[in-house]
Amino acid sequence: MLTIHAAALLLPGGGRAPVPGGAVAVRDASVAAFGPYEDVSAAHPGARVRRWPGVLTPGLVQRDAVRLLTQWYFPDPREADALGTEPLTGAALDALGPEGTWRAGSVRRGLHRMLRHGTTAVTAAPGTPPALLTAVRRSGLTVLGPALDPSAPASAPASAPASALAGNEPRLDPLAGVAAVSDATAAPLTVGGRADLAAFDAPDEAALLAAGAASCVATIAAGRLAYRGR
């Protein structure tokens, strides 16, 4: 089945200009077409149309995924009264007790948090635990090789996570600290490429960068609606 995802502004990436009133046609797990909504819809009559507010972009890449999933605890909603709703780190994490009693559930919830932030791909260095990579792939996210933070020294090891290279804590928001949305996307849109998209409730790129990826209202991973906030 073919679905058209439309928004007030499409940022296709790859050096292409933003498309006001843009759309992406998705067939199964692949991009069938993208461009102005009028052109895409005319070329695919009868397609189901999903309209999203604000900005539609390629899916984002989370370069801190391994650290987030191994160094943070994402509480179960049923634990909100005791632990709150925000991830736990440091001493609060140590107080949870043996890792084997809580790790699997935290990983699942952490991956869902990433989807809620428009993430469709993560980077992972060689040596990442196979069980963790299996959980990531089962969630619908793509696993990419490690990416070197451009702000890090040229001699830094390529396997180091972006936040570690910069000397910062891991960030759940892939848009945090980037100068352009394209700096945080896994790949630009291409016809025939994997249909990974994210929609954000922001009027333009500047507003999206200011609001961050928490403004995500939908994440499409390999053509599947993996998260919908409204």
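What counts, and where the lines are drawn
- Throughout this document, residue positions are counted from 1 along each chain, in the order its sequence is written.
- Thresholds applied to this predicted model are a pLDDT of at least 70 for local features of residues and 80 or more for the giving and counting of side-chain atom pairs; totals over whole chains, interfaces and linings are not thresholded and use all residues.
- Calculation of side-chain values draws on the structure's entire complement of heavy atoms; hydrogens and water are dropped beforehand.
- By nonpolar core we mean a set of buried residues, namely Ala, Val, Leu, Ile, Met, Phe, Trp, Tyr and Cys, connected to one another through side-chain atoms within 4.5 Å.
- For each residue, the accessible area found with a 1.4 Å probe, counting protein chains only, is set against the maximum for its type, and the residue is called buried under 20%, exposed over 50%, and partly exposed in between.
- Runs of H or I in DSSP of at least four residues are treated as helices and runs of E of at least two as strands, each being numbered from the N terminus.
- Contacts between residues were defined by any pair of non-hydrogen atoms, one from each residue, lying within 4.5 Å.
- Per-residue confidence from the predictor is reported as pLDDT, a score between 0 and 100.
- For two strands to be treated as a pair, DSSP must find no fewer than two bridges joining them.
- Helix axes are fitted only over the stretch in contact, all axes being lines through C-alpha atoms; the angle between N-to-C directions runs from 0 to 180 degrees.

## A few points about the nonpolar core
In this structure, L69, L111, M114, L175, F200 and L208 are the most contacted members of the largest nonpolar core, which totals 30 residues. Elements with a minimum of two residues in this core: α2 (65-71), α5 (103-116), α6 (130-138), β9 (197-200), β10 (216-221) and β11 (224-228). It is α5 that contributes the most residues to this core, 4 residues altogether. Once residues lying within four places of it in the same chain are set aside, the contact partners of L208 are V55, T57, L175, V181, F200, A202 and S215. If you look at the next biggest cluster of nonpolar residues, it comprises 15 residues, including V19, W52, L56 and V217.

## Some remarks on the confidence of the model for the chain
Residues with a pLDDT of 70 or more make up 81% of the chain, whose mean pLDDT is 86. Of the regions scoring below 50 in pLDDT, residues 147-166 engages in 29 contacts with residues more than four places distant in sequence or in other chains.

## Quick word on the pairing of strand β3 (residues 22-27)
The element β3 is extensively covered by neighbouring structure, given that 5 of its 6 residues are classed as buried. In this sheet, β3 lies alongside strand β1 (residues 2-10) in antiparallel orientation, the contact comprising 5 bridges. Looking at the pairing, A6 lines up with A23 of β3. Bridge count between β3 and strand β4 (residues 30-36): 6 bridges; the pairing is antiparallel. The partner of A25 across the bridge, within β4, is A33. Where β3 folds back on β4, the antiparallel hairpin that results is connected by 2 residues, among which D28 adopts a positive phi of roughly 55°.

## Re the sheet that holds strand β8 (residues 142-144)
Pairing is parallel across the open sheet formed by 3 strands, whose spatial order is β6-β7-β8. Each end of this open sheet is capped by a strand with a single partner; those strands are β6 (60-62) and β8. Neighbour-to-neighbour, the strand axes of this sheet turn through a mean angle of 35°, independent of strand direction. Here strand β7 (residues 119-123) runs beside β8; their pairing, made up of 3 bridges, is parallel. Residue pairing across strands places A121 opposite T142, the latter belonging to β8.

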